[in-house]
Amino acid sequence: MFEKEISHWATPSNHYLPQIPLEKFDTLITKASTNFDKAQQGFTVNFNEHESPLIWTETGGGRGLQLNHIVKHATLSPQNELVTQVNTSNELGDLVDNLHRTVASLARSVMKTLVFWF
C-alpha cells in the first residue's frame, strides 16, 4: 500500500539521478530502450525532481521480499548523453508491503471464520 513512499523515504538521495526538462523525455526513453533490453520490457517515468527520470528493473521484481531486486536509473547529461546508475531496491518498502498483504489475508480468513460460526 505504501511501498513506494516508504522505499523512497528510506533510499539515500544519491541513489537518484538528476531530473531533466520535459521535452527531453522522448530522447531519454529512446536511448535507454535502444541500449538496454530490460528497458524495452517496461520502465517507469518520474517527473518528481527528487526521483530519477527513468527507472526499470534489471533483475528481481514482482511481489514479495526480493533481496536481488536490481533497479537501473537513467537520465541525460547536459550533452544529451545517456547516464545510468544501478541500485538495489530498498527492502524496507518490500517488507512493509509483504507484511501488509500477509496481515490483510489473515484478517480476511479470520472474518470468514467468524461469519461461518455465527
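Before going into details, it helps to say that this report is about the structure given with it. (Residues numbered from 1 in each chain as written. Predicted model: local features only at pLDDT ≥ 70, side-chain atom pairs only at ≥ 80, totals over all residues. Heavy atoms only, no water.)

### A short note on the overall build of the protein chain
From N to C terminus, the protein chain includes 4 helices and 4 strands. Reading the helices (α) and strands (β) of the protein chain from amino to carboxyl end gives α-α-α-β-β-β-β-α. For the protein chain, with 118 residues in total, the buried portion stands at 27%. Put simply, 51% of the contacts in the protein chain that link residues at least 6 apart link residues at least 24 apart. If you sum the accessible surface of the protein chain, you get close to 8000 Å²; carbon and sulfur atoms cover 60% of it. (Helix = DSSP H or I, 4+ residues; strand = E, 2+ residues; numbered from the N terminus. Buried < 20%, exposed > 50% of the residue type's maximum accessible area, 1.4 Å probe, protein only. Contact = heavy atoms within 4.5 Å. Areas by Shrake-Rupley, 256 points an atom, 1.4 Å probe, with all protein chains shown as cover.)

### Here's the deal with the nonpolar core
Of all hydrophobic cores here, the largest spans 10 residues; its members are I20, F25, L28, A32, F36, A39, L54, W56, A74 and L76. Those elements that provide at least two residues to this core are α2 (25-35), β2 (54-59) and β3 (70-76). Beyond its immediate chain neighbours, meaning those up to four positions away, A32 contacts A39, L54, W56 and L82. (Core = buried A, V, L, I, M, F, W, Y, C linked by side-chain atoms within 4.5 Å.)

### Looking at the pairing of β3
Burial within β3 is extensive, with 6 of its 7 residues counted as buried. Relative to β3, β2 is paired through 5 bridges, and the arrangement is antiparallel. Across the sheet, residue I55 finds its bridge partner in β3, namely H73. (Pairing = 2+ DSSP bridges.)

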